[in-house]
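As a plain string of letters, each chain reads:
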Amino acid sequence: MKPLKVALLGCGVVGTQVIRLMHEQAGDLAARIGAPLELAGVAVRRLGRKRDVAVGPELLTTDAEALVTRADVDIVIEVIGGIEPARSLIVAALSGGKSVVTANKALLAEDGASLYEAARQGGGDLYFEASVAGAIPLLRPLRESLAGDHVKRVLGIVNGTTNYILDKMDTTGASFTDALEEAQTLGYAEADPTADVEGFDAAAKAAILAGLAYHSRVTAAEVHREGITEITATDVASAKDMGYVIKLLAICARSEDGRSFGVRVHPAMIPRSHPLAGVREAYNAVFVEAESAGQLMFYGKGAGGAPTASAVLGDLVAVARNRLAGTRGPDESTYADLAVHPMGETVTRCHVALDVADKPGVLARVAELFAKHDVSIQTVRQEGRGDDAQLVIVTHRATDAALSATMEGLRELDIVRAVASVMRVEGDD
């Protein structure tokens, strides 16, 4: 049969692995699709750069727009990342009737609506399995396999860099700075790790997950985001002593009345008995709770050239099959149009450590303040004596606004020298 022609935008870590897999598995891919794939061109920034994969110089071009608008191109793979020029190139490809496979979580979380609209107008597919959790088959189960169910909650580790850092802090006692430097040395963290350690990467992925889970449009700007830069070795050790581990979690949860949902990314303590607690180093895992399916867990390599390319190739096969059959895959599902409720309305639990004066009546005054804001205490214990006295409190579930007001009130009490740490608790209810 006539080959389906594929244009590739980007030839970096992921792009080179896509080319390698297309070459090595050409026969299998053709058999699975029903027609061979042919690489029509590769858009790069610099032509003369040495690359880790064999690609003919006649295929390389710096004119990405001309490549994606070529009449003979059927499918475009975008792995350059960022907002522009990726958005313009993808829209041009989709508007021209081509199908697009992308790994661009930042763009999807910022302006996925315009991409879907271009796909509808052009009649092509928009697939993006590789945008969240690398090689882990996660988005398609949410998009298709669970389409007949109601997802209650998605709880996951979706950033390998932060998981590696927190894992090293937990297993070796390293400081945040030392663990970050090790991650950078091993290539798990960028020279500028801001997107990872401040939670921006995870927030974009959480927006995509929430949109699929709750059939509503979500942008990264609507995701409550906190990073891990303030986590200390003392925080990690304290959690360990209590039987918890600290993870940066992406959490999407439907409200009890079903009319809204929350989307958040922040560090949290989870019990070591929870399946996510055993996710080590740079691995990712996502825990999904659905009304009928119950609890599901997806685990695997969440980043890296080969794992991400594996997800890209899976999407490539799907859109190629659709193209041959003259059909399209699932469109954007936003029929529910649920609201994203603010973080203050989110119900959660907290672990609080207070440096307090060691004298009678301290616990009573602290408990009175918690009660004033309708936050009940589950457990409390005192550690140390004299100047080292500390109260460690774990609350029952309360709104984040009530917990925040309680923390502000504690800082004003004369018996509280400092609020040493505040950490949300997840996964044990």
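Please refer to the structure higher up on the page.
Okay, so let's go over this structure.

Conventions we followed
Residues numbered from 1 in each chain as written. Predicted model: local features only at pLDDT ≥ 70, side-chain atom pairs only at ≥ 80, totals over all residues. Heavy atoms only, no water. Helix = DSSP H or I, 4+ residues; strand = E, 2+ residues; numbered from the N terminus. Rg over C-alpha atoms; globule rule 2.2 N^0.38 Å. Buried < 20%, exposed > 50% of the residue type's maximum accessible area, 1.4 Å probe, protein only. Contact = heavy atoms within 4.5 Å. Areas by Shrake-Rupley, 256 points an atom, 1.4 Å probe, with all protein chains shown as cover. Lys, Arg positive; Asp, Glu negative; His and termini not counted. Charge placed at Lys NZ, Arg CZ, Asp CG, Glu CD. Pairing = 2+ DSSP bridges. Expected span 1.5 Å × (residues − 1). Phe/Tyr/Trp six-rings, centres within 6.5 Å; stacked < 30°, edge-to-face > 60°. Lys NZ or Arg CZ within 6 Å of the ring centre and 35° of its normal. Arc of directions from axis to C-beta. Axes fitted to C-alpha atoms, helices over the stretch in contact; angles between N-to-C directions. Parallel < 35°, antiparallel > 145°, perpendicular 65-115°, else oblique. Left-handed = near helix turned anticlockwise from the far one by under 90°. Nonpolar A, V, L, I, M, F, W, Y, C, P; charged D, E, K, R; others polar.

**Notes on the overall build of the protein chain**
A tally of helices and strands in the protein chain yields 14 helices and 18 strands. By the compact-globule yardstick of 22 Å for 429 residues, the protein chain fits well, its C-alpha radius of gyration being 24 Å. With the principal axes as the frame, the protein chain shows a C-alpha extent of 85 × 45 × 35 Å. Burial statistics for the protein chain: of 429 residues in total, 54% are counted as buried. For the protein chain, the share of sequence-separated contacts (at least 6 apart) that also reach a separation of at least 24 residues comes to 73%. Just so you have it, the protein chain exposes about 18,400 Å², and 49% of that area is on carbon and sulfur atoms. Distance between charge centres in the protein chain, computed from 43 positive and 57 negative side chains, equals 4 Å.

**Observations regarding the sheet that holds strand E1 (residues 4–9)**
Backbone hydrogen bonds are what pair the strands of a sheet, in a parallel or an antiparallel way. Sheet architecture is open: 6 strands sit in the order E3-E2-E1-E4-E5-E6, paired in parallel fashion. Each edge of the sheet is formed by a strand with only one pairing partner; in this case those strands are strand E3 (60–61) and strand E6 (126–127). Across 4 bridges, the pairing between strand E4 (residues 75–78) and strand E5 (residues 99–102) is parallel. Residue pairing across strands places Glu78 opposite Thr102, the latter belonging to E5.

**Focus: helix H12 (residues 305–325)**
In this model H12 runs 30 Å from its N-terminal to its C-terminal C-alpha over 21 residues, within 8% of the 30 Å that 1.5 Å per residue would give. One or two residues past the end of H12 sits Gly326, with phi positive at roughly 70 degrees.

**What to know about the packing of aromatic side chains**
Tallied over the full model, the rule gives 4 aromatic pairs. Summarising the aromatic geometry, the rings of Tyr116 and Phe128 are spaced 6.3 Å apart at their centres and angled 85 degrees between planes, so their arrangement reads as edge-to-face. Linking Tyr116 in helix H5 (residues 105–122) with Phe128 in the loop between E6 and helix H6 (139–145), this pair joins segments that are 12 residues apart in sequence. Both residues of the pair, Tyr116 and Phe128, belong to the buried class. On the basis of an interplanar angle of 45 degrees and a centroid distance of 4.8 Å, the ring pair of Tyr164 and Tyr188 is categorised as tilted. Highlighted residues: Tyr164 in helix H7 (residues 160–172) and Tyr188 in the loop between helix H8 (176–185) and helix H9 (194–197), separated in sequence by 24 residues. Using a relative accessible area of 2% as the deciding quantity, one classes Tyr164 as buried. Sitting over the face of the ring of Tyr127, Arg143 holds its NZ or CZ atom 5.1 Å from the ring centroid. The ring of Phe200 carries the charged tip of Arg225 above its face, separated from the ring centre by 3.8 Å.

**Looking at the environment of Gly96**
Inspection of the secondary structure puts Gly96 in the loop between helix H4 (86–95) and E5. Take Gly96: its relative accessible area is 52%, and that puts it in the exposed class. Between the C-alpha atoms of Gly96 and Ala71, which are 25 residues apart in sequence, the distance is 8.5 Å.

**Here we look at H8**
Side chains of residues three or four places apart in an α-helix project in the same direction, reflecting 3.6 residues per turn. Buried within H8 are the following residues: Phe176, Ala179, Leu180 and Ala183. The buried residues of H8 occupy an angular sector of 100 degrees when the element is viewed end-on, so they sit on one face. For H8, the secondary structure elements touched by its buried residues are H7 and H9. Once H8 finishes, Gly187 follows within two positions and takes phi at roughly 85 degrees, a positive value.

**Observations regarding the pairing of strand E10 (residues 260–271)**
Of all 12 residues in E10, 12 are buried; the element is thus mostly enclosed. Side chains Ser260, Gly262, Arg264, His266, Ala268 and Ile270 of E10 all project onto a buried face; the interleaved residues Phe261, Val263, Val265, Pro267, Met269 and Pro271 project onto the opposite face, where all are buried too. Here strand E8 (residues 224–225) runs beside E10; their pairing, made up of 2 bridges, is parallel. Paired with His224 across the strands is Arg264, a residue of E10. Here strand E9 (residues 244–254) pairs with E10 via 11 bridges, running antiparallel. Across the sheet, the residue bridging to Val245 is Ile270, located in E10. Bridging between E10 and strand E13 (residues 339–340) involves 2 bridges; their strand directions are parallel. Following the sheet pairing, Ser260 is matched in E13 by Ala339.

**Observations regarding the packing of helix H1 (residues 13–24) against H12**
Here H1 crosses H12 at 55 degrees, and the two axes come no closer than 8 Å. Regarding the angle of H1 to H12, the classification is oblique. Of the two possible hands of crossing, H1 and H12 adopt the one that is right-handed. Every residue of H12 that contacts H1 at Val13, Val14, Gln17, Val18, Arg20, Leu21 and Met22 is listed here: Gly305, Ala306, Thr308, Ala309, Ser310, Val312, Leu313 and Leu316. Partitioned by chemical class, the residues of the contact of H1 with H12 number 10 nonpolar, 4 polar and 1 charged.

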